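# Residue-level structure breakdown
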Amino acid sequence: MDIILASGSPRRRELLSRAQLDFTVMSVDIDETPHANESPKDYIERMVATKAAAAVQQLNATSREEDADKDVEPRLVLTADTIGVLADGKTVLVKPTSREQAYEMWQQMSDTAHEVWTAVQATLISRSAHLVSCDDAAAHATAAHALKQPVWQVVSQQQLTERTEVTFIPLTAQMMREYWETGEPQDKAGGYGIQGLGAAWVSRINGSYTNVVGLPLAQTLALINTVSQHSSASVS
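In this report, the structure presented in the accompanying data block is examined. (Residues numbered from 1 in each chain as written. Predicted model: local features only at pLDDT ≥ 70, side-chain atom pairs only at ≥ 80, totals over all residues. Heavy atoms only, no water.)

### Re the environment of T220
By secondary structure assignment, the location of T220 is in helix α7 (residues 217-235). Judged by its relative accessible area of 0%, T220 is buried. Here the alpha-carbon distance between T220 and A122, two residues 98 residues apart in the chain, equals 8.5 Å. With sequence-adjacent residues up to four places away left out, T220 is seen in contact with L78, V120, L160 and L215. (Helix = DSSP H or I, 4+ residues; strand = E, 2+ residues; numbered from the N terminus. Buried < 20%, exposed > 50% of the residue type's maximum accessible area, 1.4 Å probe, protein only. Contact = heavy atoms within 4.5 Å.)

As structure tokens, then:
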């Protein structure tokens, strides 16, 4: 079964490569703004579902008419989202957009524990012929002369959420300043990378290391296996 990693994260791509799986990568662009009063759990679960929907939409937008009559095996779309959460279980540690924002987060994380949450969704999709209505055809000008379109549709989807506790050492102003100046914190939830220089701040972790990097690998492989078995059962 073809696996599509719908993520632009090089860390997730590297982790999945360690499992020696064949997969392709596609990037999806979605609005990641949290909703008002949205819990961290609801947020990351909504993110992976939204990323999966965007990936399916993108696949359909790029389907070629000449492939409409070809038999295409089901595909599995893998999406993930990682956030940091303070001990209160409510405060989300975001990707810092400024030095001041990073310092504020780090001060809250200093000499205490926080959690890293990653939601993963495996979405099984298959392609079937779809009769385009006149209204749809008008909206799809490039396919106006063809009524039959190959459409990827969701067969099933499953999610998991993995949590890992991470404890920081006491942080000084000098440590924060020097780390910020490396440029590493800017694109990472919580403003640190455990696989990089940020490892020097971690005194201990309780749970999956790869989860903190961005993809709980063992749990993700089990999820892929479960969804793949569902595909085999459906075909048989």
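### Some points on the packing of aromatic side chains
With the rule as written, the count across this model stands at seven aromatic pairs. Geometrically, the ring pair formed by W106 and W201 is edge-to-face, given 5.0 Å between the ring centres and 90° between the ring planes. You can see W106 sitting in helix α3 (residues 99-109) and its partner W201 sitting in the loop between α5 (173-181) and β7 (202-206), a full 95 residues away along the chain. Under the relative-accessibility criterion, W106 is labelled buried at 0%. Measuring from centroid to centroid gives 5.8 Å for F168 and W201, while their planes differ by 80°, and the two rings are edge-to-face. Note that F168 is positioned in strand β6 (residues 148-168) and W201 in the loop between α5 and β7, a separation of 33 residues in sequence. Residue W201 is classed as buried on the basis of its relative accessible area of 5%. (Phe/Tyr/Trp six-rings, centres within 6.5 Å; stacked < 30°, edge-to-face > 60°.)

### Here's the deal with the environment of K51
Positionally, K51 belongs in helix α2 (residues 40-61). Owing to a relative accessible area of 9%, K51 belongs among the buried residues under this scheme. Taking the C-alpha atoms as reference points, K51 and D29, 22 residues apart in sequence, are found 7.8 Å from one another. Within the local environment of K51, its side chain forms a polar contact with the backbone oxygen of A80, the two atoms lying 2.8 Å apart. (Polar contact = N/O pair within 3.5 Å; in protein donor to acceptor, adjacent residues only side chain to side chain.)

### Structural notes on the pairing of strand β1 (residues 2-6)
Counting buried positions along β1 gives four out of five residues, so the element sits mostly inside the fold. Here β1 runs beside strand β2 (residues 23-26); their pairing, made up of four bridges, is parallel. Of the residues in β2, the one forming a bridge with L5 is V25. Read from β1 through helix α1 (residues 10-18) to β2, the crossover connection turns out right-handed. (Pairing = 2+ DSSP bridges. Right-handed = clockwise from strand over helix to strand, strands pointing away.)

### Considering unusual backbone geometry
In the Ramachandran plot, N37 falls in the positive-phi region, its phi being about 65° despite a non-glycine side chain. Structurally, N37 can be placed in the loop between β2 and α2. At D111, a position not held by glycine, the phi torsion is positive, near 55°. Here D111 is to be found in the loop between α3 and β5 (113-131).

### Quick look at the packing of α3 against α5
Put simply, α3 and α5 touch, their axes get as near as 11 Å, and they point 135° apart. Judged by the angle between their axes, α3 and α5 are oblique. Seen along the crossing, α3 lies across α5 with a hand that is right-handed. In contact with R99, A102, Y103, W106 and Q107 of α3, α5 contributes M176, R177, Y179, W180 and E181. Classifying every residue of the contact of α3 with α5 by side-chain character gives six nonpolar, one polar and three charged. (Axes fitted to C-alpha atoms, helices over the stretch in contact; angles between N-to-C directions. Parallel < 35°, antiparallel > 145°, perpendicular 65-115°, else oblique. Left-handed = near helix turned anticlockwise from the far one by under 90°. Nonpolar A, V, L, I, M, F, W, Y, C, P; charged D, E, K, R; others polar.)

### Focus on the nonpolar core
Ranked by internal contacts, the top residues of the largest apolar core, which has 37 residues, are L16, L78, W106, M109, F168 and Y192. Broken down by element, the residue count for this core peaks at five residues, all from α3. Residues Y43, A55, L59 and W117 belong to the second largest nonpolar core, which totals 20 residues. (Core = buried A, V, L, I, M, F, W, Y, C linked by side-chain atoms within 4.5 Å.)

### Here's the deal with the environment of D111
Residue class for D111 comes out exposed when judged on its relative accessible area of 54%. Taking the C-alpha atoms as reference points, D111 and T167, separated by 56 residues in sequence, lie 7.0 Å from one another. Setting aside chain neighbours within four positions, we find D111 in contact with F168, I169 and P170.

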